[in-house]
Structures are given as structure tokens and as C-alpha cells.
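# Reading the structure
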Amino acid sequence: MAEKVLMKGNEALAEAAIRAGCRFFFGYPITPQNELLEYMARHLPEVGGTFLQSESEIGAINMVFGAACAGVRVMTSSSGPGISLKQEGISYIAGSEVPAVIVNIMRTGPGLGGIAPTQSDYFQATKGGGHGDYRLMVLAPASVQEMVDLTALAFEKADEYRNPVLILGDGVLGQMMEPVVLPAPSPEKTVEKPWATTGKGDNEKAKLITSLYIQPEEAERFCDHLRAKYSAMEERETRFECYRTDDAEIIAVAYGTAARLCMAAVDMVREKGIRAGLIRPITLFPFPSAPLRKAAEGGAWFLTVELSTGQMVEDVRLAVGGRQPVAFYGRSGGMVPDPRVIAARLEELAEKKGNAETAQPNEGGAA
Amino acid sequence: MGTKVFSRPDCLRDVASHYCPGCHHGIIHRLVAEAIDELELAPRTIGVAPVGCSVFIYDYIDTDFIQAPHGRAPAVATGVKRALPDRIVFTYQGDGDLAAIGTSEIIHTAARGENVTVIFVNNAIYGMTGGQSAPTTLLGQSTTTAPQGRDAGADGAPIQVCEMLNTLQRPAFISRVSVHTPAQVVRAKKAIRRAFQCQQEGKGFSFVEVLSACPTNWGMTPLDANKWLEQYMLPYYPIKDFRIPEGVQ
Ligand SMILES: Cc1ncc(C[n+]2csc(CCOP(=O)(O)OP(=O)(O)O)c2C)c(N)n1
Ligand code: SF4
């Protein structure tokens, strides 16, 4: 039965994982995601699951790898420096085509950084991070409710595509409390995993999970196979939300916590008659390029807002393809943008766009 | 009519080996296969393959297999065993794999007393990458990265893994064996079988170090390699049962 409760983001995500049938969790403490680990330690045993605090993030991700090969639903979580250590294992999990859910509640970096929230791991999440030609499905919640909903989705999609799914949250989402509707538990939702290494039993043939392809022809075939899988994701799994974009001339592009701030900023400038809107990617891979391209073709200008010095903005520019200007505004190091400042940037952009449109064609400006 | 006294173990595939002449990996594979057969474990065994010359162990031993990142096999095995406690899970790792990059994973898996079996093949060198120093390389032994011979001052002293693990509370079975003579092969076989038996009976972490030759990277003939092993490795890595739980035959 679904129920509505007030919960902290990290704990809600953990509970959602348990309700999605996750029975194994391997992790190592790091702020700001410790509540997730602690919640699993308390509650997994209650449902017959296993929590294990590993000796390191490297240990944790490889335990996840082993359990995933055994065919169970398994998760780990961490933050920046810990995710860096997990990258080796993530590459192996992707290269071995086994499903796992990985949570990154981002904190500031590079290096040891700080524990305040950022979005500075976007590149790492979406452009590999580990070695090799692979992609993760990357889900970016913007509320505690979405942390719950996207966690259920993450397990489903990981199994469906036999690919690791990363939930990319940040310290704000992890720490804040919001009312959430928790779904009814669905632990018995079993997915057939005939590939799992569970012992050969009565089968003729033993099963092998490996990412080793010594022959170049074979290795290329494998990479092509992965590419086809990622293309299927791009076709079927791209998720985004449009907010007041129907008639928008100025479109903010932001995900997660930054998107919430942008929503407030859009409302502020709408009061002044500026036709602003927001496109919020929910999947960062696959990236929602199509709606951005469409809006650009319709003549909109863009402002990408991130809690970083500018990472997703590169994907926005790729999607827009030079058709229209794309401006950037970001704060980093744990500083959170003020919606009023974002509103001012939207206003500025609207003004520039207006000027450009009234100017002579050869005087067109760019942001 | 003759009686058959010797044959290939059922779970050892009838395929050509990729190991160098005189390499001990092949012998050790066979002993693992024999133990699995005798205890009738094949249907419920999952092996974890390492990075190193023996990564292709999955081509030889006919059980389910997972290929792990360099040094991480004990963590991968932990994940499998926690998910499938009634299965038999073993890793097979070289000294570069287990005693260098994978020290953290082996120590903590042993410290937890994880009910898995680790076969540790110590040839005192990195085989696959062409003969660089390992943590187990002997003092004075020359390698491609210690051309003048390993020097304690510059490179540290070789790690005695069994002795180190034997300081931990939780391991159930720790033994060091060798395969350089037929008699030692018989002894090694017994240890490997005991290690699997230990897991089968739920006694906890079992560990067998097998001293092994790498004639190619030692730059010796197979026979000289065996002699070198006996002369130089045995004094520093004594053959010994460090720990045997009660009731394991
Ligand atoms: C992370 C990483 N670092 C380095 C390597 C390269 N590498 C492959 S095998 C090997 C050494 C293996 O030596 P050992 O474990 O002693 O096994 P042997 O080949 O002697 O049987 C190394 C360093 C790798 N595959 N992955
Ligand atoms: S390089 Fe050494 S360890 Fe590797 S197969 Fe050849 S002899 Fe064996």
C-alpha cells in the first residue's frame, strides 16, 4: 500500500530501494549520503536483506559487481571522492553487462573538496568517469518524491538494459525533508536472469561473465553491441520536464536542485511579462537533446544554470547546435544560486534577444 | 584388462593450454579441478578469475565464472557469496593481483571470515606483464623493474602473505604448499581439497598459497626454475599449515 510520509531525501531513497526489491547494499561512509547507508544498515536485515560496510569504495563496488553477477538487486551509494574510487568497478559492471544501481549524492570537488552540495560530477557521471567506451543511464531527481520514483525506475531499467544506472543527486536533495508518497513494496518482482552466475546446476554449459575481449574484431563487435544498447536508451528512455515553455522565448535549462531554483526564477520574470520557461532534463544520459533543438528552432534563447562552473552547458550547446545563443550561470564550491539572480540573468537575456530582433540583421548579437 | 588409474577431471575442459612450458598454473588448475570433482561441487561453484596470466582460468575449469578487476576478486567473491550463501565461491589470484593492488581486498575478506576459498599463486613475479617486481619478489632477485636485484632499502622486503593473514582472528584455514615435485603436488592437492571442504562445511575463510614457477620471466628452463624455487623460495616461504579448523580432514 502506498503511504505519504515526511522523510529526508537520503532515507527516502533508501526506503524506495528496499521497496523496489533491493536486498543487498555495500557501501562506505562519506558525507552527505551517510543517512542512506545507515538506513540500509537498520532496515535491510528486517526484510532478510544484507547490508555490509566495506573497507573502501573499491571494495564496495566490487561486492556490488559480485552480487549483481549472482542476479540479485543490489545498490551502493557514495559522494564525489568515493564515486571516483568506484569508477573502476563501474566500468567493469558496464563492460560485464550486469545491472546495478549506484547513487551519487554530490558534494564539492575536486580533491577532498567540501561537503556542501554541488553538481560538479556531471562530466564524471555522463561522460564515462571510468575507462572505456560505455555509458551509464543517469537519472537526476529534483525532489525527495523524485528520489523515490526514480529509484524504482533505476532498478527496473538496470535489469532491463543490463547496465548500471546512476542516480545523480546532490547534498540539498539528500539532506532536505519533504512529504513523499512511498510506493507499495514490490520485492517479489523478479526478473528472469538466465545469464547470472549462480552455479551451472544441471546445465550443460557453464556461464561466464567477463569484460575481456582480446581479439580486436571481437572487442569491436562488443562495443558496437553496447552502442546499440545506448541508442535504444536514447530512443526510449529520454525523460525531461517542460515548465511554462509553450510560448517561451527564453528557456532556462537546469537539472536537480538548480532546476527548482530556476522554476522560482521563471515565475518571477513571468510576473514582469517576460516569456520564460524551463526545460529540466530528468535523464542526463540519455540527454534530452530533441526538446532543446525544437525550442531552438522555434527561436528561443537559453540560459543553462548549474551548481558548477559549467558542465551540462556543453550538452545544451551541442543540442542547440549553434542555432541560438546559450548563456551560462553557475555557482560552485557549495554556493547555491539565488533565484533572484537567476531571474536577473533571464531578464538580461530577454532584453538582449529583444534588441537583437529589433536591430538590423547584420547587427544581431549573441549572449 | 587394464584399470583406469588416472584421467582428466570432469570439470577440467579438454582444451589446449595457453601457459608457457613449465608454468605451474596448469598443474594448480588441475588440482583445483580435482578437488571440485571429488567434493562434487561443480554444479554449484562460481569461480572468480583474476587479472594476470591465469585470467583465462575460465577457459579451463568448467564452472560458472566471473572475471574481476585487478586485485578485487575477494570483494567480488564476497558479493557473490553474500547473495548466494549456499554456493561454493573461490578466487584464483597471482601475487601481483593479491599481494599488491589487492592487499586491501584480501585482508578485509579474510578479516570478515568470509566463507570463500582463495587460491593464491605465488611465483614471485608479475608474469603477464613481462616480469616486473611483485611484492613477493625475493631480496636479490632481479626483475625488469629491479634489474640489479630487489633491495630491501629501495624496494622493501617481500611480503609473506600467509604469515600476515595468520595474525587475523577470523580465517579458518591457511596453508602454504608448493607444486615443484610430485610429493609436493600431492600435499598441495590435499590442502586445496581441504580448503574447499572448509567452505562446504561453513567454517569460513580458507586460503591456500601455492608456490609456483614462472620459467619464462625468471629466465630459466622449467627444471632450473623448480630448483630455484626449492633453493630460494622455500626458505623464505616455508611450506606449512598455519591454521586448520577442527574436523577438516
Ligand atoms: C588496474 C590494472 N593495473 C595493471 C594491470 C596490468 N596487469 C595485468 S596482469 C598484471 C600482473 C599480474 O601478475 P600476477 O598477479 O603475479 O599474475 P601472473 O601473471 O604472474 O600469473 C598486471 C600488473 C591491469 N590489468 N589492471
Ligand atoms: S609468464 Fe610465467 S606465469 Fe605466465 S604463463 Fe608464462 S610461465 Fe606461467
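Summarised in this report is the structure supplied together with it. (Residues numbered from 1 in each chain as written. Chains lettered and ligands numbered in written order. Predicted model: local features only at pLDDT ≥ 70, side-chain atom pairs only at ≥ 80, totals over all residues. Heavy atoms only, no water.)

### Describing the overall build of chain A
Broken down by element type, chain A carries 12 helices and 16 strands. In terms of C-alpha radius of gyration, chain A reaches 21 Å, essentially the compact-globule figure of 21 Å for 367 residues. Out of the 367 residues belonging to chain A, those deemed buried represent 59%. Residue pairs at least 24 apart in sequence account for 78% of intrachain contacts in chain A once pairs closer than 6 positions are excluded. For chain A, the accessible area works out to roughly 14500 Å², and carbon and sulfur atoms hold 51% of it. A distance of 1 Å separates the average location of the 37 positive side-chain charges in chain A from that of its 46 negative side-chain charges. (Helix = DSSP H or I, 4+ residues; strand = E, 2+ residues; numbered from the N terminus. Rg over C-alpha atoms; globule rule 2.2 N^0.38 Å. Buried < 20%, exposed > 50% of the residue type's maximum accessible area, 1.4 Å probe, protein only. Contact = heavy atoms within 4.5 Å. Areas by Shrake-Rupley, 256 points an atom, 1.4 Å probe, with all protein chains shown as cover. Lys, Arg positive; Asp, Glu negative; His and termini not counted. Charge placed at Lys NZ, Arg CZ, Asp CG, Glu CD.)

### As for the overall build of chain B
Counting secondary structure elements, chain B contains 10 helices and seven strands. Relative to the compact-globule value of 18 Å for 249 residues, chain B shows a C-alpha radius of gyration of 17 Å, a close match. Viewed in the frame of its principal axes, chain B has a C-alpha envelope of about 50 × 50 × 30 Å. Of the contacts formed within chain B by residues at least 6 apart in sequence, a portion of 69% connects residues at least 24 apart. Accessible surface, chain B: about 9600 Å² in total, of which carbon and sulfur atoms supply 54%. Within chain B, the 23 negative side-chain charges are centred at a point lying 5 Å from the centre of the 22 positive side-chain charges.

### Topic: the nonpolar core
Of all hydrophobic cores here, the largest spans 122 residues; its most connected members are Phe26(A), Met40(A), Met75(A), Phe302(A), Leu165(B) and Phe207(B). For this core, the element with the most residues is helix H6 (residues 144-161) of chain A, which contributes nine residues. Not counting chain neighbours up to four residues away, the residues in contact with Phe207(B) comprise Leu98(B), Ile106(B), Val118(B), Phe120(B), Val161(B), Cys162(B), Leu165(B), Phe173(B), Ile174(B) and Ser175(B). Residues Ile36(B), Phe65(B), Ala191(B) and Cys198(B) belong to the second largest nonpolar core, which totals 40 residues. (Core = buried A, V, L, I, M, F, W, Y, C linked by side-chain atoms within 4.5 Å.)

### Points about the site of ligand 1
Residues and elements named next belong to chain B. Around ligand 1, 16 residues are found, and the nearest of them are His25, Asp95, Gly96, Asp97 and Gly127. Aspartate 95 places a polar side-chain atom, nitrogen or oxygen, 2.7 Å from an oxygen atom of ligand 1. At 2.8 Å from an oxygen atom of ligand 1 is found a main-chain nitrogen or oxygen belonging to aspartate 97. Protein burial of ligand 1: of its 590 Å² of free accessible surface, 75% is covered by the chains. A per-element tally of the shell around ligand 1 places helix H4 (residues 95-101) first, with four residues. Residue composition of the shell around ligand 1, by class: six nonpolar, eight polar and two charged. (Near = heavy atom within 4 Å. Polar contact = N/O pair within 3.5 Å; in protein donor to acceptor, adjacent residues only side chain to side chain. Nonpolar A, V, L, I, M, F, W, Y, C, P; charged D, E, K, R; others polar.)

### A look at empty space enclosed by the protein
Residues and elements named next belong to chain A. Applying the stated rule across the entire model yields two cavities of 30 Å³ or more. Each pocket or cavity is described by its volume, and for the largest cavity that value is around 40 Å³. Lining the largest cavity are Ile83, Gln87, Ile90, Asn104, Asp121, Gln124, Ala125, Gly128, Leu136, Leu166 and Leu168. Those elements giving two or more residues to the lining of the largest cavity turn out to be helix H4 (80-95), helix H5 (122-126) and strand S8 (164-170). (1 Å grid on protein atoms, 1.4 Å probe; cavity = no way out; pocket = protein on both sides within 12 Å on 5 of 7 lines; lining within 4 Å. Points joined across faces, edges and corners; volume = space filled by probe spheres on them.)

### A word on a negative patch on the surface
There is a patch of like negative charges on the surface, built from Glu217(A), Glu218(A), Glu220(A) and Asp224(A). Within the element layout of this structure, Glu217(A) appears in helix H8 (residues 216-236). (Patch = residues over 30% accessible without salt bridge, like charges linked within 9 Å, V, L, I, M, F, W, Y side chains within 5 Å. Salt bridge = Lys/Arg side-chain N within 4 Å of Asp/Glu carboxyl O.)

### Focus: the site of ligand 2
All names here are of chain B. Neighbouring ligand 2 are the residues Tyr19, Cys20, Cys23, His25, Cys53, Asn123, Gly127, Cys214, Pro215, Thr216 and Asn217. Looking at which element gives the most residues to the shell around ligand 2, the answer is helix H9 (residues 215-218), with three residues. Classifying every residue of the shell around ligand 2 by side-chain character gives six nonpolar, five polar and no charged.

### Comments concerning the packing of aromatic side chains
Residues and elements named next belong to chain A. Summed over all chains, the structure comprises 13 aromatic pairs over all chains. Ring plane angle 10° and centroid distance 6.0 Å describe the contact between phenylalanine 25 and phenylalanine 51, whose orientation is recorded as stacked. Within this pair, whereas phenylalanine 25 is found in strand S2 (residues 24-27), its partner phenylalanine 51 is found in strand S3 (residues 50-53), the two being separated by 26 residues in sequence. Its relative accessible area of 0% is what places phenylalanine 25 among the buried residues. Ring centres of tyrosine 213 and phenylalanine 222 lie 4.5 Å apart, and the angle between their planes is 20°; this geometry places the pair in the stacked category. Residue classification places tyrosine 213 among the partly exposed residues on the basis of a relative accessible area of 27%. (Phe/Tyr/Trp six-rings, centres within 6.5 Å; stacked < 30°, edge-to-face > 60°.)

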